[in-house]
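Geometric and topological summary
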Amino acid sequence: MIPAPDIDLVSLAPVLTLSAFSIAVLIWDLFIGKDKTQLIYISLLGLFLTAVCAFAKSDLPAYSFTNTYIVDNLSVFCVIIFTISSALAILLSVNYNPDKGIEIGEYYSLILFCTVGMIVLASAVDLILIFLGIEVVSISLYVLAGIRRDDLKSNEAALKYFLLGAFASGFLLYGMSLIYGFTGTTNLKGIMTAISAMDGTDNSFLILGCILFIVGFGFKVAAAPFHMWSPDVYQGAPTPITAFMAVGPKVASLVALFRVFHTGVGGMDGSWEMPLAVIAIASMTLGNLGAIVQTNIKRLLAYSSISHVGYILLAVIAKNSLASSSLLFYMLTYAFMIFGVFGIIIILGKKGDENLEIEGYCGLSTKYPLLALAMAMFMLSLGGLPPLAGFVAKFYIFSAVLKEGHTILVTIAVLNSVVSFYYYLKIIVNMYFKDPNQEFQPNFQPLTLLVVVIGIVAILDLGIFPGPVISLAENASLF
Amino acid sequence: MFLTFVTFLPLLGAIGIAFLPEEDENLVKKTALGVALADFLLSLAFYFNFDLTTPNMQFELSAVWIENWGVNFHVGLDGISLLLYIMTTFLTAICIISVWTVKKRIKEYMMALLVLSTGMLGVFVALDLFMFYVFWELQLVPMYLIIGIWGGARRLYASIKFFLYTAFGSLLMLVAIIWMYQLHADQTGIYTSDLMTITNNIDIPFGPQKWLFIAFFLAFAIKVPMFPFHTWLPDAHVEAPTAGSVILAGVLLKMGTYGFLRFNLPLFPYACNEFMPYVGWLAVVGIVYGAFVSMVQEDLKKLVAYSSVSHMGFVMLGIFAFNHYGIQGALVQNLNHGISTSALFLLVGVIYDRRHTRMIKEFGGITNVMPKYAIIFMIVALSSIGLPGMNGFIGEFLILLGIFQADAFMAGVATTGVIFAACYILWMFQRVMFLKSNSPENAKLTDLDFREYAMLLPLVVLIFWIGLYPKPFMKTFDASVTHLISKVDPSNFKPKTHTEHADSAPAGKTEHKSGKTEHKKESHSSAH
């Protein structure tokens, strides 16, 4: 008799709630016509309830599914980040979708399912569950990227993403199987004990497994040198999905990576720090250099995303308590910044042509000064200028890494920040210093504007009064 | 609390102006001027309530900002920052008068100037490392916008170069700040970025001290600017609008020297003494090179820009003399440069407004058509050279006296800079003001109007006041300078032999107890 698995339903409350709502969206879609507003309400309600359920379990850390699923402060914080980012993505989609002819209810269901996958990924302490989470997230995103069936770029994005993503999942699985083969278990804690027990034996398979694991994860978070897919996919996918992709899955994957390397294979003699450092430096540098020459703003933000992943990987390398809290803080600020920027991009889009060229922003400050000011603030925050949130986040990560003594890494990161200012400033230059070269027709849809306002308020608040959120992040620390 | 209010008043003014209608230009301009003048008058209150006897921070406020990191909102003024603070509010008001006739987007211009003012004031009063860095970076954006929107033909290139160059130095300083923060936490167990606490409690070993010095040095040397980090300055100054140049030269450059006095000298005394010859010679090169390059300039504004490099070289030389004369001279010269060079830029702006050219060869014989302008120009030019009776002499004399006591040869070479300054200024003056007019346009020029008098005369008054009776200004420096020297005194902090710096009151120094301080000509007991 196979013993019944130890499932603790209360711990799984967020996942269950959200899955239920996602299925409800699917079913409700059968009964309504083209107007999807009811689905939106259901989705937002579902996300809100999920966020509430995240706190359902007291007495943390709690395990579920036979010690494969953890509920600790880190995962609760992540659930909040995911629900916020999914809600913002849905708010952005409300007006974007009818404009672009995306009128299927599955869109919202997929976003919710993707969020479920992200929650699972951030709460997984077992390799199999990590893989499950990654696949749920990835498959939802493949479909979402290509949801505009009549748009060539969207199809291209989906196909590229799918092929490379499937390939990457293969790498990931192979790496996981090697680690399993070496340690005999897929549970992260079990792996840690197994590694320390087998200290001294030939662990080349373990190292190979870890390398393949890093390769697979590198694809998923679009870290260099596995980043080639992301500019094309970001450019082709519908803009709210681009924003969604830039935030949620990255957070989830990086948290999973953090767990694996600090509570899983962390028992190894730190020989994985070097490859991660190399990837981090490559991401920062290639991301920034790639962004400098871009003329399409979605591609520019894709490359800047790559460089931000580089900064966050630095936090993964550092092993102290500041590291995981700085990672969470950075991702939270990053979420608000990205959704705000994409909100402005959607506002400035026109019917038919989305107006995505950077040259199209020339002279915005003379016609719509507040919009230009908001864009300027987001750009400066992404670059990391005080007193905005981006600076506090970078300061936090640099503190964490310097505490471990990696001065050279921080110096490289800092120099990359200078480089990144160049392309963020390019947009500000266009908006403020040049004269308009086209007729702006911004559509100030209320919900999209709401996302922008939320973004501005967030980066100002997190930049000037970051104290409360820092406390929360510290509570959620893994150490 | 009052200090915080005066510091943030320009920002509040800028936010208030944002709500005014753009069409009502007069209201916008009057509000901005009102805010700036009010700020200046309020800042004078600090001067009159200043305690001259203590080197400690005054008008302090310390409020918890980010508790988890030990970051506080800590502000305060001491002798080093007091007059710089007042000069900032003063120059802001003068700048606002100088942009009165600008037509293009005047509302944003006023807002940018006021926001910049708060940023600069914040830098001078910040006593917490994190807070200092925030304000240091904060003033980049309005300056960048001012150059980029209202500047000259190559303004895009100049503004981006300015931003990236300065950001590069600042970000390296950020790494140093975080490193020191961690070191202090390791040594004392307390996580704080408060400057005073760290200065008093930290003990940085010699090796890291050198690297930290270099990181901070880069950030401030780019700002000052010192040779060879000065290449952003000519572009930024030439392409910036008049008000931008005035603020850039008058205040932003002083932030670099202030940074040296507030951070490098107290925190890294061993590294300071170790690097003193290099920094000193770099400053001398700046003086002489700046002077030579000024001489061959054809563009009036570029000439003044390079003269800035030369003058700031003097200030740096004074600081790195590490004695009473030197640092006092440097502080006075800070003020002088702020006044004289700002006046020079304003004068160049006056003639540019009329002729829309800055090329020297376009002028000639201006004295005939604009005699009063010529008089004021002469006064400012002579003050820039350092003629006795005017402010420049006080500063340069003290600096040279100070550096002579430290390294006589350096002083000798630096003194030649004074002669070269006379060369390029007088030659420029002759070509512009005297001689034959090179262009028929010059005959139609009108002399100064009321607004231009209003912005130039206060500077002229200050030129003579500091030159003839500098005591009201210099007495504020004494206590702080003495305290600063005790922290970096070469006889106590010999490089290479890292001994305890236990005796913070070296032998032979007298504390200035009462307000009745010595004039520069009396003999202080100095470090040598």
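Residues numbered from 1 in each chain as written. Chains lettered and ligands numbered in written order. Predicted model: local features only at pLDDT ≥ 70, side-chain atom pairs only at ≥ 80, totals over all residues.

**Remarks on unusual backbone geometry**
Where we set the bar: Runs of E in the DSSP output that reach at least two residues are strands. Runs of H or I that reach at least four are helices, and both are numbered from the N terminus.
Along the chain, Ala 224 of chain A connects to Pro 225 of chain A via a cis peptide bond; the corresponding omega equals 0°. Tracing the chain through its elements places Pro 225 of chain A in the loop between helix H8 (204-221) and helix H9 (229-236). Here Phe 227 of chain B and Pro 228 of chain B are connected by a cis peptide whose omega angle stands at 0°. If you trace the backbone, Pro 228 of chain B turns up in the loop between helix H9 (206-223) and helix H10 (232-239).

**Here's the deal with the interface of chain B and chain A**
Defined as follows: Note that contacts rest on C-beta atoms placed from the backbone: two residues are in contact if these are within 7 Å. Classes in brief: Ala, Val, Leu, Ile, Met, Phe, Trp, Tyr, Cys and Pro nonpolar; Asp, Glu, Lys and Arg charged; the others, Gly included, polar.
Listed per partner, the contact involves 24 residues of chain B and 25 residues of chain A. A per-element tally of the side of chain B that touches chain A places helix H7 (residues 155-188) of chain B first, with 13 residues. Across the side of chain B that touches chain A, the residue classes tally to 19 nonpolar, three polar and two charged.

**Let's talk about helix H17 (residues 407-433) of chain A**
Residue and element names in this part refer to chain A. Quick note on the threshold: Here, expected helix span is obtained from the residue count minus one, scaled by 1.5 Å. Given a residue, its bend is the angle between the two axes fitted to the seven residues that end at it and to the seven that start from it. Any residue whose C-beta has 12 or fewer other C-beta atoms within 10 Å is treated as exposed, any with 20 or more as buried, and any in between as partly exposed, C-beta atoms being built from the backbone.
With 27 residues, H17 should cover 39 Å at 1.5 Å per step; its first-to-last C-alpha distance of 37 Å lies within 8% of that length. Most pronounced at Tyr 424, the bend in H17 amounts to some 25°. Most of H17 sits inside the fold, with 21 of its 27 residues counted as buried.

**Some points on the packing of helix H2 (residues 25-48) of chain B against helix H3 (residues 79-98) of chain B**
Residues and elements named next belong to chain B. Threshold: For helices, the axis comes from a line fit to the C-alpha atoms of the stretch in contact; other axes are also lines fit to C-alpha atoms, and the angle between any two N-to-C directions lies between 0 and 180 degrees. In this scheme, roughly parallel covers angles under 35 degrees and roughly antiparallel covers those over 145, while 65 to 115 is roughly perpendicular and the rest are oblique. Take the far helix as your reference; a near helix turned counterclockwise from it by less than a right angle gives a left-handed crossing, and one turned clockwise gives a right-handed crossing.
Taken N-terminus to C-terminus, the directions of H2 and H3 make an angle of 160°; their axes are 9 Å apart at the nearest point. One way to sum up the angle between H2 and H3 is to call them roughly antiparallel. Along this stretch, H2 crosses H3, giving a crossing that reads as left-handed. Facing H2, whose interface residues are Ala 32, Leu 33, Ala 36, Leu 37, Asp 39, Phe 40, Ser 43, Leu 44, Phe 46 and Tyr 47, H3 presents Leu 82, Tyr 85, Ile 86, Thr 89, Phe 90, Thr 92, Ala 93, Ile 96 and Ile 97. Of the residues in the contact of H2 with H3, the class split is 15 nonpolar, three polar and one charged.

**Observations regarding the nonpolar core**
Residues and elements named next belong to chain A. Put simply, the test is: Only buried residues count toward a nonpolar core: Ala, Val, Leu, Ile, Met, Phe, Trp, Tyr and Cys, linked into one set through C-beta atoms within 7 Å.
Ranked by internal contacts, the top residues of the largest apolar core, which has 401 residues, are Leu 314 and Ala 315. Considering each element in turn, this core owes the most residues, 20 residues, to helix H13 (residues 321-347). In contact with Leu 314, not counting residues within four places along its chain, are Ala 280, Ile 397, Val 401, Leu 409 and Ala 413.

**Looking at helix H18 (residues 408-433) of chain B**
All names here are of chain B. A rise of 1.5 Å per residue sets the reference length of H18, with its 26 residues, at 38 Å; its end C-alpha atoms lie 37 Å apart and thus fit the reference within 8%. Considered for burial, the residues of H18 that qualify are Met 410, Ala 411, Ala 414, Gly 417, Val 418, Phe 420, Ala 421, Tyr 424, Ile 425, Met 428, Val 432 and Met 433. Buried residues along H18 sit against helix H12 (269-295), helix H13 (300-319), helix H15 (366-369), helix H16 (371-385) and helix H17 (391-406). Looking one or two residues beyond H18, the residue adopting positive phi is Leu 435, at roughly 55°.

**With respect to the pairing of strand S1 (residues 58-66) of chain B**
Consecutive residues of a regular strand have side chains that alternate between opposite faces of the sheet. Residues and elements named next belong to chain B. Note the cut-off: Only strands that DSSP links by at least two bridges are regarded as paired with each other.
Taken together, the six bridges between S1 and strand S2 (residues 71-77) define a ladder with antiparallel strand orientation. Residue pairing for S2: Ser 62 is matched across the bridge by His 74. Between S1 and S2, which pair antiparallel and follow one another directly, the connecting turn spans four residues, one of which, Gly 70, has a positive phi of 70°.

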